[in-house]
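A structural walkthrough
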2 protein chains.
Amino acid sequence: MPKEQATKTLTCPVETTLKIIGGRWKVLIIHFLLNDTMRFGELTRSLNGISARTLSKQLRELEADGVVHRKDFGEIPPKVEYSLTPLGRSLEQVLLSMEAWGSTVEKQRTKRKSS
Amino acid sequence: MPKEQATKTLTCPVETTLKIIGGRWKVLIIHFLLNDTMRFGELTRSLNGISARTLSKQLRELEADGVVHRKDFGEIPPKVEYSLTPLGRSLEQVLLSMEAWGSTVEKQRTKRKSS
DNA sequence: CGGCATCCGACTGGATACTG
DNA sequence: CAGTATCCAGTCGGATGCCG
């Protein structure tokens, strides 16, 4: 039985960050959770096309890395809420700088196409 | 002949950034090139353990994405220098914020271990 | 509703050998 | 020196089906 374990520390903090947020849907998940606490089903609908297994895995990894908090209400029918930890919320600055840079790349590409 | 093509634009600028710098060695390559223009062999030695094929591929991708500039001197023996484009240099802010966040993660992990 | 188990295909990156 | 060609292994994420 493989116990969930947090991403291994690499030599460089930048790579640590990359390992944690580098998953296919992770920045999107974080993006949504920055606005709201959300349930599993809400996330499934927001992340158009993600499968339950994949969403589950990404969330467990984020949880293991201390970015996401999982609150299980232990009810029937099941109810689980996901939110960001303080560490997760502190990722906003990183995402903002990445978004700013990504935007300049996209602008540059548009210019190249029209030239 | 498979033409090198830049990473496809995704819905979100953050994912664009991730696609471009998400490769196994890319942030390290950028890190070194922020300090210096470097030759292929220098990079090989700096990135301990990377194979020629892998380094070549990562560099071509970074070049296709407009981050790295490749200058071939066309001499025998071959001499090629790699440097960052202005766009590549503008990544420094992104790497700094990622490094800052990654450091806090590592500190937190250390605390957890010692508790 | 919120998962987990199983199976699987695609992609990435590594090892090795060879070349202009 | 700076690659390319070939082959291969590990990982990631998707599809599907089942369950409490």
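Structure's up top.
Residues numbered from 1 in each chain as written. Chains lettered and ligands numbered in written order. Predicted model: local features only at pLDDT ≥ 70, side-chain atom pairs only at ≥ 80, totals over all residues. Heavy atoms only, no water.

1. What to know about the environment of A:E63
Residues and elements named next belong to chain A. Selection criterion: Here a helix means four or more residues in a row that DSSP labels H or I, a strand means two or more in a row labelled E, and each is numbered from the N terminus. The contact definition used throughout considers only heavy atoms, calling two residues in contact when any of these lie within 4.5 Å.
In this structure, E63 sits in helix α4 (residues 52-64). In this structure the C-alpha to C-alpha distance between E63 and R112, which are 49 residues apart in sequence, comes to 41 Å. Setting aside chain neighbours within four positions, we find E63 in contact with V68 and R70.

2. What about the sheet that holds strand β2 (residues 68-72) of chain A?
Hydrogen bonds along the backbone pair up the strands of a sheet, which may run parallel or antiparallel. Residues and elements named next belong to chain A. Selection rule: The rule for pairing is simple: two strands pair if DSSP sees at least two bridges between them. Axis geometry follows a simple rule: fit a line to the C-alpha atoms, using only the stretch in contact for helices, then measure angles between N-to-C directions, giving values from 0 to 180 degrees.
Reading across from one edge, β1-β3-β2 is the order of the three strands in this open sheet, with antiparallel pairing throughout. Since the sheet does not close on itself, it has two edges, and those belong to β1 (38-39) and β2, each with one partner. Looking at chain direction, β1 and strand β3 (residues 80-84) are connected through two bridges and run antiparallel. Along β3, the bridge assignment pairs M38 with Y82. Helix α2 (residues 26-35) rests against β1, β2 and β3 of the sheet, and its axis sits at about 95 degrees to β3.

3. Section: the side chain of A:T85
All names here are of chain A. Here is the rule: With a 1.4 Å probe rolled over the protein chains alone, any residue whose accessible area is under 20% of its type maximum counts as buried; one over 50% counts as exposed, and the rest are partly exposed.
Inspection of the secondary structure puts T85 in the loop between β3 and α5 (86-89). Taking relative accessible area as the criterion, T85 reaches 16% and is therefore assigned buried. Setting aside chain neighbours within four positions, we find T85 in contact with G66, V67, V68 and H69.

4. Topic: the relation of the copies chain B and chain A
Applicable threshold: Overlaid copies result from least-squares superposition on C-alpha atoms, with residues included only where pLDDT is at least 70 in both.
Superposing chain B onto chain A requires a rotation of 180 degrees together with a translation of 0.0 Å along the rotation axis, leaving an RMSD of 0.0 Å. In symmetry terms, the pair is related by a two-fold rotation axis. A shared interface surface links the copies, since 100% of the contact residues of chain B are contact residues in chain A too.

5. As for the interface of chain B and chain A
By convention, interface size is frequently given as the accessible area that disappears when the constituent parts associate. Basically, it comes down to this: Reported buried area values correspond to the accessible surface (1.4 Å probe) lost by two parts on association, with both partners' losses combined. Salt bridge, as used here: a side-chain nitrogen of Lys or Arg that lies within 4 Å of a carboxyl oxygen of Asp or Glu. Polar contact is defined as a pair of N or O atoms within 3.5 Å, subject to the rule that within protein one atom must be able to donate a hydrogen and the other to accept it, and that residues adjacent in sequence are counted only when both atoms are side-chain atoms. In this classification, the charged set is Asp, Glu, Lys and Arg, the nonpolar set is Ala, Val, Leu, Ile, Met, Phe, Trp, Tyr, Cys and Pro, and all remaining amino acids, among them Gly, are polar.
Taken together, the contact between chain B and chain A spans 36 residues of the former and 36 residues of the latter. Regarding the contact of chain B and chain A, the summed buried area is about 3200 Å², with carbon and sulfur atoms giving 65% of it. On the chain B side of the contact with chain A, B:M98, B:W101 and B:R109 bury the most area, a combined 23% of that side's loss. Linking chain B with chain A are four salt bridges, by the criterion used here. Across the salt bridge formed by A:R24 and B:E15, the nearest N and O atoms sit 3.8 Å from each other. Where chain B touches chain A, the interface holds 13 residue pairs in polar contact (both at pLDDT 80 or more). For the side of chain B that touches chain A, the secondary-structure elements that each account for two or more residues are α1 (13-21), α2 (26-35) and α6 (92-114) of chain B. Considered class by class, the residues forming the side of chain B that touches chain A number 18 nonpolar, 11 polar and seven charged.

Read these as spatial facts, not as claims about activity.
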